[in-house]
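# Commentary on secondary and tertiary structure
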There are 2 protein chains.
Amino acid sequence: MSVTIKDIAKLAGVSHTTVSRALNNSPLIQEETKERIRLIAEQLDYTPNYSAKSLVLDRSYNLGLFFTTLSKGTSAGFFYEAIRGVNSVIQDRYQLIVKGIDDYSSFQSITRKSFDGIIIVSQSDDDQAIIEHIVSKGIPLVVLNRPVTTAGVLNILSDEEQGAFLACSYLIEQSHTRIALIEGRKGFKSAQNRKDGFERAMKHYGIKVPPIYRIPGLYDLESGHKAMQQFLALEERPTAVFSCNDEMALGAMKAISEAGMQVPKDISVVGFDDTVFAAYVTPALTTVRRPIEQISKEGALRLLGNIENKQHETEQVLLKTELVVRESVKKLST
Amino acid sequence: MSVTIKDIAKLAGVSHTTVSRALNNSPLIQEETKERIRLIAEQLDYTPNYSAKSLVLDRSYNLGLFFTTLSKGTSAGFFYEAIRGVNSVIQDRYQLIVKGIDDYSSFQSITRKSFDGIIIVSQSDDDQAIIEHIVSKGIPLVVLNRPVTTAGVLNILSDEEQGAFLACSYLIEQSHTRIALIEGRKGFKSAQNRKDGFERAMKHYGIKVPPIYRIPGLYDLESGHKAMQQFLALEERPTAVFSCNDEMALGAMKAISEAGMQVPKDISVVGFDDTVFAAYVTPALTTVRRPIEQISKEGALRLLGNIENKQHETEQVLLKTELVVRESVKKLST
DNA sequence: AAGACTATTGTTAACGTGTGCATGAATGTG
DNA sequence: CACATTCATGCACACGTTAACAATAGTCTT
């Protein structure tokens with residue numbers, strides 16, 4: 001079948017041990033011999049059998065990249081940026097195995113033999129179970145995007161509460177006082193954080209928000225659309241809406257234009273995430289940029305550090321978010 | 001360290017062979033013995049070492065999912081749907097390894113030992129090299145999204161030429177005669193197919209298209225924006241634009257509104273792909289739906305069939321696209 | 001009741017690679 | 001020149017699993 005080190009050994013007139021050492025650049029082997037063996041390996045188009053390597057070295061060369069879910073609730077852009085970020089770091093050294101946590105019926109198959117390290121892009125508290133499983137197995141782990149307090153876990157995320165605070169403060173500075181909130185998907189930590197930022201800004205500036213100005217959403221276009229319809233039906237409409245993500249903001253804008261009104265002339269809208277299309281809708285959406293690609297890059301980098309130095313760095317890193325001002329907010333005259 | 005079948009064997013008072021057979025549900029073993037062994041395995045929280053299995057069974061349990069590129073030119077939605085489709089099919093049986101073809105400096109590491117099968121979501125003719133490598137290694141392969149003639153390759157894609165024809169015919173049926181084209185990224189097969197559909201429709205209905213009505217784009221928002229600006233600067237503007245994907249269509253719509261005009265009142269726009277946001281922009285975008293998730297599902301399914309039955313199905317499957325009529329096209333009065 | 005057959009389990013080797021220890025040659029030391 | 005030391009390589013085994021073949025006991029056939 002395929003070429004093994006024994007085939008090379010035979011041709012080179014040495015033992016397979018010598019070949020193994022030569023190809024791993026061991027200092028025990030003479031430079032001259034190494035060169036000869038490398039040449040033969042090249043000519044035979046030799047590729048190491050990673051299953052055999054894994055078995056004896058107790059490493060899998062696999063990196064797990066797990067999302068809370070692949071089938072529902074994860075936005076395409078988010079998903080894409082996360083994979084890109086991680087992928088740009090690992091290059092050739094590892095294989096990237098992508099999976100949705102909700103696809104696992106049992107975590108049994110997640111062992112130190114099958115993953116050298118795992119990155120969880122977490123969007124829900126429900127991920128706690130798998131996190132604990134991974135930690136208990138002693139697999140190096142980094143959790144992105146959601147705060148986690150479990151011991152022994154690297155944790156990298158953006159400060160979403162701060163981002164939401166930023167966005168809402170901006171609305172208030174534009175003299176808005178009737179500000180409504182379209183919340184994120186229930187159970188997602190990000191939904192809570194963003195709402196917290198909203199509430200803090202309101203409190204900080206002493207703005208009263210009636211209960212009907214808060215409607216839960218599902219992070220998708222449709223729920224934003226529906227929520228906005230409800231706001232529009234109100235007797236005293238809000239003059240501005242903070243939507244917990246861009247997709248819902250888009251749905252909201254759609255509802256506004258369907259009602260014969262205009263953004264930002266009649267109602268201002270702010271989103272969150274700075275999705276690729278935010279800059280290109282009409283009007284361009286003012287939103288909060290969350291450095292997902294940077295988070296996943298940073299996470300992958302540190303995870304590799306932990307794996308290769310066998311250390312156990314375990315801090316929490318908060319990366320700052322940034323307000324991107326575009327055209328969807330109007331400054332009210334005071 | 002971790003539990004092996006030998007540990008179980010010792011506790012059960014049998015040989016490790018018997019344990020192996022029992023856990024693989026071999027008919028050679030007494031039902032009673034099997035039950036006893038399964039129980040012990042469960043209690044010890046045994047997990048098979050997949051490296052060892054792979055080594056002896058000559059299977060990796062890995063499925064490769066390769067994209068032409070992860071870093072440039074692949075749209076997030078496209079990427080997301082493809083992964084979802086494949087993932088929904090493979091469930092627990094395989095690990096899904098995601099990679100960008102342009103990340104490979106050498107294909108050497110792609111062997112039959114490291115991948116049981118490979119799915120290529122191909123967007124460029126440049127992928128031919130890796131396709132040939134994979135075929136030469138005898139790895140089961142399915143190529144999605146782009147037509148491929150290499151022997152021994154399963155090929156599943158949508159009939160994009162037909163989709164473009166559909167879209168352009170629709171424009172013509174709405175009495176448009178000055179129809180412009182924003183082309184896709186050069187070198188991408190889809191760009192060629194969609195253009196072909198455009199040309200066929202024009203020819204079929206006997207519509208003349210001046211050369212300046214065709215501008216190449218890059219499949220991103222910005223290039224659509226720029227292309228539209230050029231159309232708008234023309235003395236005799238088109239009344240309708242067929243954009244080779246939704247993102248460029250969005251960019252085009254942006255340019256139109258910046259010029260103080262409206263879609264579809266002043267200019268009609270049709271896109272391609274039916275991206276998630278197409279339904280929620282204002283006006284909602286008329287576009288061509290390409291069943292990516294279905295394509296990748298179908299592809300994964302057939303690939304698994306080929307792997308597990310050791311057969312070599314090698315046909316080309318064309319899945320029909322569908323025109324989604326929304327609000328971005330105006331019927332001209334004749 | 002002897003031989004053939006069947007059902008169940010064990011023995012042993014194999015997959016491809018890495019590593020501790022042994023070996024032998026060459027070199028250095030006193 | 002005898003002995004210690006260093007350098008380069010080989011031998012044998014280990015990693016955890018599966019499978020071909022052997023072995024044993026029990027059952028059936030005539």
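Just so you know, the residues in each chain are numbered from 1, in the order the chain's sequence is written. A letter from A marks each chain and a number from 1 marks each ligand, given out in the order of writing. Note on the predicted model: pLDDT of at least 70 is required for a residue's local features to be given, and 80 or more for side-chain atom pairs to be given and counted; whole-chain, interface and lining totals, by contrast, use all residues. Each side-chain value is derived from all of the structure's non-hydrogen atoms; neither hydrogens nor water enter the calculation.

All right, on to the protein's contact with DNA strand D then. The cutoff for a nearby residue is simple: one of its non-hydrogen atoms must lie within 4 Å of the molecule or strand. In the vicinity of DNA strand D, 28 residues are found, and the nearest of them are A:T18, A:T33, B:I5, B:S20 and B:Y46. A distance of 2.9 Å separates a phosphate oxygen of DNA strand D from a polar backbone atom of A:S15. Pairing of N or O atoms within 3.5 Å defines a polar contact, subject to two protein rules: one partner must be a possible hydrogen donor and the other a possible acceptor, and residues neighboring in sequence count only if both atoms are side-chain atoms. One of the side-chain nitrogen or oxygen atoms of A:T17 is found 3.1 Å away from a base nitrogen of DNA strand D. A run of DSSP states H or I qualifies as a helix once it reaches four residues; a run of E qualifies as a strand once it reaches two. Both are numbered from the N-terminal end. Elements supplying a minimum of two residues to the surface near DNA strand D: α2 (16-23) and α4 (50-57) of chain A together with α1 (5-12), α2 (16-23) and α4 (50-57) of chain B.

What follows deals with the side chain of B:S26. All names here are of chain B. Relative to the assigned elements, S26 resides in the loop between α2 and α3 (31-44). Remark: exposure states derive from per-residue accessible area (1.4 Å probe, protein chains only) relative to the maximum for the residue type, with buried under 20%, exposed over 50%, and partly exposed in between. Taking relative accessible area as the criterion, S26 reaches 12% and is therefore assigned buried. A distance of 3.0 Å separates the side chain of S26 from the backbone nitrogen of L28, its partner in a polar contact.

Below, the discussion takes up the protein's contact with DNA strand C. Lining the immediate surroundings of DNA strand C are 28 residues, of which A:I5, A:S20, A:Y46, B:T18 and B:T33 lie closest. Expressed as a percentage, the sugar and phosphate content of the atoms of DNA strand C within 4 Å of the protein is 60%. At 2.5 Å from a phosphate oxygen of DNA strand C is found a side-chain nitrogen or oxygen belonging to A:S20. Within the side chain of A:N24, one N or O atom sits 3.0 Å away from a phosphate oxygen of DNA strand C.

This next bit is on the packing of helix α5 (residues 76-90) of chain B against helix α11 (residues 292-308) of chain B. A pair of packed helices is characterised by two quantities: the angle between their axes and the separation of those axes. Residue and element names in this part refer to chain B. Axis angles are defined between N-to-C directions and span 0 to 180 degrees, where every axis is a line fitted to C-alpha atoms and, for a helix, only to the segment in contact. Contact geometry for α5 and α11: axes closest at 8 Å, N-to-C directions at 35°. Handedness of the α5/α11 crossing: right-handed. Only I292, E293, S296, K297, A300, L301 and L304 of α11 make contact with α5, whose side of the interface consists of F78, E81, A82, R84, G85, V86, S88, V89 and I90. Any residue outside Ala, Val, Leu, Ile, Met, Phe, Trp, Tyr, Cys, Pro, Asp, Glu, Lys and Arg is labelled polar, Gly included; the first ten of those are nonpolar and the last four are charged. When grouped by side-chain class, the residues that make up the contact of α5 with α11 number nine nonpolar, three polar and four charged. Crossings are classed by handedness, with left-handed meaning an anticlockwise turn of the near helix from the far one by less than a right angle and right-handed meaning a clockwise turn. By the convention used here, residues are in contact when the closest approach between their heavy atoms is within 4.5 Å.

Moving on, we come to the pattern of salt bridges. Residues and elements named next belong to chain B. Just to be clear on terms, a salt bridge is a Lys or Arg side-chain nitrogen sitting within 4 Å of an Asp or Glu carboxyl oxygen. Counted under the stated rule, the structure contains 41 salt bridges over all chains. Here R200 makes a salt bridge to E161, at a shortest N to O gap of 2.7 Å. In this pair, R200 sits in helix α8 (residues 189-204) while E161 sits in helix α7 (residues 160-173), placing the two residues 39 residues apart along the sequence.

This part takes up helix α11 (residues 292-308) of chain A. Residue and element names in this part refer to chain A. Over its 17 residues, α11 extends 24 Å from the first C-alpha to the last, a length consistent with the 24 Å expected when each residue adds 1.5 Å. I292, I295, S296, G299, A300, R302, L303, L304, N306 and I307 are the residues of α11 that are buried. The inward-facing, buried residues of α11 abut β1 (62-67), α5 (76-90), β3 (117-121), β4 (141-144), β5 (154-158) and β11 (316-319). Expected span of a helix, by definition, is 1.5 Å for each gap between consecutive residues, and there is one gap fewer than residues.

Before going further, it helps to examine the interface of chain A and chain B. Listed as interface residues are 54 residues of chain A and, on the opposing side, 52 residues of chain B. Where chain A abuts chain B, roughly 4800 Å² becomes buried across the two surfaces, and 53% of that area is made up of carbon and sulfur atoms. Two parts placed together each lose some accessible area under a 1.4 Å probe, and the buried area is that loss summed for both. Per-residue buried area on chain A facing chain B is highest for A:Y80, A:K254 and A:Y280; these three make up 15% of the total on that side. The tally of links from chain A across to chain B stands at four salt bridges. Notably, a salt bridge pairs A:E327 with B:K254, separated by 3.8 Å at the nearest N-O pair. At the junction of chain A and chain B, the tally comes to 14 residue pairs in polar contact (both at pLDDT 80 or more). Listed by contribution, the elements that provide at least two residues to the side of chain A that touches chain B are α4, α5, β2 (95-100), α9 (221-232) and α10 (246-258) of chain A.

All names here are of chain B. Pairing in this open sheet of four strands is parallel, and the strands run β7-β6-β8-β9 from one edge to the other. Looking at which strands have only one partner, the edges of the open sheet turn out to be β7 (214-215) and β9 (268-270). Should DSSP find at least two bridges between two strands, the strands are taken to pair. Taken together, the three bridges between strand β8 (residues 240-243) and β9 define a ladder with parallel strand orientation. Its bridge partner lying in β9, F242 is registered against V270. Relative to β8, α7 is tilted by about 175°, and along the sheet it contacts β6 (179-182), β8 and β9. Lying on the sheet, helix α9 (residues 221-232) is in contact with β6, β7 and β8; it crosses β6 at an angle near 150°.

Right, let's talk about the relation of the copies chain A and chain B for a bit. The superposition of copies rests on a least-squares fit of C-alpha positions from residues with pLDDT of 70 or more in both. Turning chain A through 180° and shifting it by 0.1 Å along the axis lays it on chain B, with an RMSD of 0.2 Å. On this basis, the relationship between the two copies can be described by a two-fold rotation axis. The residues that chain A uses at the interface reappear at the interface of chain B in 96% of cases, marking a shared surface.

The next thing to look at is the UniProt feature "domain: HTH lacI-type" (unreviewed entry) in chain A. UniProt positions are given in the numbering used here, feature names are shortened, and annotations may be inferred rather than shown by experiment. UniProt tags residues 3-57 of chain A as "domain: HTH lacI-type" (unreviewed entry). Between the end C-alpha atoms of residues 3-57 of chain A there is a gap of 20 Å, over a span that is 67% helix and 0% strand.

Residue and element names in this part refer to chain B. Every definition here rests on a 1 Å grid over the protein atoms only: cavities are sets of points where a 1.4 Å probe fits but cannot get out, pockets are open sets enclosed by protein on both sides within 12 Å along at least five of seven lines, and lining residues have some atom within 4 Å of a point. Grid points are joined across faces, edges and corners, and a volume is the space filled by probe spheres set on the points. Enumeration over the complete set of coordinates arrives at four cavities of 30 Å³ or more. In this structure, the largest cavity encloses a volume near 120 Å³. S75, G77, F78, D273 and T275 are, among the 13 residues lining the largest cavity, the residues nearest its centre. Broken down by secondary-structure element, the contributors of at least two residues to the lining of the largest cavity are α5 and α10 (246-258). Ranked by the residues each element gives to the lining of the largest cavity, the list is headed by α5, at three residues.

On to the state of the cysteines, then. Disulfides are covalent bonds that link the sulfur atoms of two cysteine residues. Residue and element names in this part refer to chain A. When two cysteine sulfur atoms lie within 2.5 Å, the pair is treated as a disulfide. All chains considered together, the criterion is met by zero disulfides over all chains. In this model C244 remains outside any disulfide bridge; the closest cysteine sulfur is found in C168, 8.2 Å from its own. Exposure remark for C244: the relative accessible area of 0% places this residue in the buried category.

Here is a general trend for soluble globular proteins: nonpolar side chains tend to be buried in one another's company. The term nonpolar core refers to a set of buried residues drawn from Ala, Val, Leu, Ile, Met, Phe, Trp, Tyr and Cys, joined through side-chain atoms within 4.5 Å. Judged by nonpolar contacts, the single largest core of 100 residues is most densely connected at A:M228, A:F242, B:M228 and B:F242. With residues up to four places along the chain from it excluded, the contact list for A:F242 reads A:A164, A:A167, A:C168, A:L171, A:A180, A:L181, A:I182, A:R194, A:F198, A:V270, A:G271 and A:F272. Counting residues in hydrophobic clusters, the runner-up holds 60 residues, among them A:F79, A:V86, A:L144 and A:I156.

Residues and elements named next belong to chain A. The strand order across the open sheet formed by four strands is β7-β6-β8-β9, and the pairing between neighbours is parallel. Only two strands of the sheet have a single neighbouring strand rather than two, namely β7 (214-216) and β9 (268-270). Neighbouring strand axes in the sheet, compared pairwise and without regard to direction, differ in orientation by 15° on average. α9 rests against β6 (179-183), β7 and β8 (240-243) of the sheet, and its axis sits at about 150° to β6.

Another aspect to go through is the side chain of A:E247. Residues and elements named next belong to chain A. As for its position among the elements, E247 is in helix α10. Asp and Glu are treated as the negative residues and Lys and Arg as the positive ones, with His and the ends of the chain left uncounted. Despite being buried, E247 has no salt bridge partner; R290 is the closest side chain of opposite charge, sitting 9.3 Å away. If near-sequence neighbours (up to four positions away) are discounted, E247 is found in contact with S75, Y219, D220, L221 and F277.

Glancing now at the pairing of strand β3 (residues 117-121) of chain B. Along any regular strand, the residues point their side chains to alternate faces of the sheet. All names here are of chain B. With five of its five residues buried, β3 lies for the most part within the structure. Of the two faces of β3, the one holding G117, I119 and V121 and the one holding I118 and I120 are both buried throughout. Pairing of β3 with strand β4 (residues 141-144) involves four bridges; the strand directions are parallel. The residue of β4 that forms the bridge with I119 is V142. We call a crossover right-handed when, viewed with both strands directed away from the observer, the connection leading from the first strand over the helix to the second proceeds clockwise. In terms of handedness, the path from β3 via helix α6 (residues 128-136) over to β4 forms a crossover that is right-handed.

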